[in-house]
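Structural features, examined
Residues per chain are reported as follows:
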Amino acid sequence: LEVLPVRGEAFRYYPTTEAVLADIPNPAALVTSICTGGGAGRDLVPILKGRCPTIALQDFWLSPFRANGSWREVQYRPDAFIVNDDLGAACVRPDWEDGAREGRIHVVGYAALDALATFDVSSAAREVDEQLGLTPDARVVLYIGGVERTSAILAQVIAACAVVEARGQRLVFIPRAHPSMRDLAPAEAEQWNAVLQSCGLTRLITDARTVTDATALVARASVVISTHSSVLLHAAAL
């Protein structure tokens, strides 16, 4: 809802399954993410099963079908599951395959990373410098937050940066919160803010969301730190 309008991409937003089906009563297929908590994509699977193919996409190495997963109920198993690599398939297979679903996990490679093949790292880095007022030689530490326990990890990263600064190296620290943290874990968001308020680093940039392209921030960063964000994959690819 925030990123696509900035990129000028047309889309339609449906907050509920009823809203989807009111506008698209006979879809040709359902292709859904495996978002935490399910959402409309998950809830459409049992409704559309038998009416059209239902396909779920794994974003990184996890299984939503395990005993504590939000997709654990059998009714939410789609017709097919798309993963990036063999490790992704290995994460899913123990919770997925039985006689009815065997052979429906498909490894397709990292198609989403193809766009990085032509990504101009130098140009993106220069634009970030202009937007944030950085000098080309500034050492930028980018921390991409998660949800649970992310504020504790943030505090540890800041402590490590403080050690580096105590040894004479000045840093620019950019913490970027997970967009769902405040909704999924409001108490964690309060701790996140408290940690940042006590941060004593030379330069802290907390308004880096003015840089709408997270990949540009990754391109500019000297170090990218996170627990399991897919941004780490982009950093490795770049």
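Being a predicted model, the structure only gives us computed values, none of them experimental. (Residues numbered from 1 in each chain as written. Predicted model: local features only at pLDDT ≥ 70, side-chain atom pairs only at ≥ 80, totals over all residues. Heavy atoms only, no water.)

1. Quick notes on helix α4 (residues 86-96)
Those residues of α4 not exposed but buried are Gly88, Ala89, Cys91, Val92 and Trp96. Buried residues of α4, viewed axially, fall in a sector of 160°; they line one side. In α4, the exposed positions angled more than 90 degrees off the buried face are occupied by Asp86 and Pro94. Summarising the contacts, the buried residues of α4 are in contact with β3 (80-83) and β4 (105-107). (Buried < 20%, exposed > 50% of the residue type's maximum accessible area, 1.4 Å probe, protein only. Helix = DSSP H or I, 4+ residues; strand = E, 2+ residues; numbered from the N terminus. Arc of directions from axis to C-beta. Contact = heavy atoms within 4.5 Å.)

2. A short note on the side chain of Thr215
Mapped onto the secondary structure, Thr215 falls in helix α9 (residues 214-220). Under the relative-accessibility criterion, Thr215 is labelled buried at 14%. Look past the residues within four positions of Thr215 in its chain and what remains in contact with it is Leu116, Phe119, His234 and Leu238.

3. Observations regarding the sheet that holds strand β8 (residues 223-225)
Reading across the sheet, the 4 strands line up as β7-β6-β5-β8 and stay open at both edges, with parallel pairing between neighbours. Both edges of this open sheet fall to β7 (203-204) and β8, since each of them pairs with a single strand only. Of the strand pairs in this sheet, strand β5 (residues 140-144) and β8 are connected by 3 bridges, and their pairing is parallel. Paired with Tyr143 across the two strands is Ile225, which belongs to β8. (Pairing = 2+ DSSP bridges.)

4. A few points about the pattern of salt bridges
Under the defined criterion, the tally for this structure stands at 3 salt bridges. The salt bridge involving Asp43 is made with Arg42; its shortest N-O contact spans 3.0 Å. A salt bridge links Arg220 to Asp129; its shortest N-O distance comes to 2.5 Å. Here Asp129 lies in helix α5 (residues 121-132) and Arg220 lies in helix α9, a separation of 91 residues in the sequence. Here the two residues Arg220 and Asp129 agree in accessibility, since each one is buried. (Salt bridge = Lys/Arg side-chain N within 4 Å of Asp/Glu carboxyl O.)

5. Looking at the nonpolar core
By size, the foremost hydrophobic cluster in this structure holds 18 residues, and its most contacted members are Leu132, Leu142, Val172, Ile174 and Leu217. Every element with two or more residues in this core is listed here: α5, β5, β6 (172-176) and α9. Beyond its immediate sequence surroundings of up to four residues, Val172 is in contact with Leu134, Ala138, Arg139, Val140, Val141, Arg203 and Ile205. Of all hydrophobic cores here, the second largest spans 17 residues; its members include Val45, Leu48, Cys52 and Trp96. (Core = buried A, V, L, I, M, F, W, Y, C linked by side-chain atoms within 4.5 Å.)

6. Focus on the packing of aromatic side chains
Tallying each qualifying case throughout the model produces 5 aromatic pairs. Taking 5.9 Å as the distance between ring centres and 40° as the angle between the ring planes, the aromatic pair formed by Phe81 and Trp96 counts as tilted. In this pair, Phe81 sits in strand β3 while Trp96 sits in helix α4, placing the two residues 15 residues apart along the sequence. By relative accessible area, which is 0% here, Phe81 ends up buried. (Phe/Tyr/Trp six-rings, centres within 6.5 Å; stacked < 30°, edge-to-face > 60°.)

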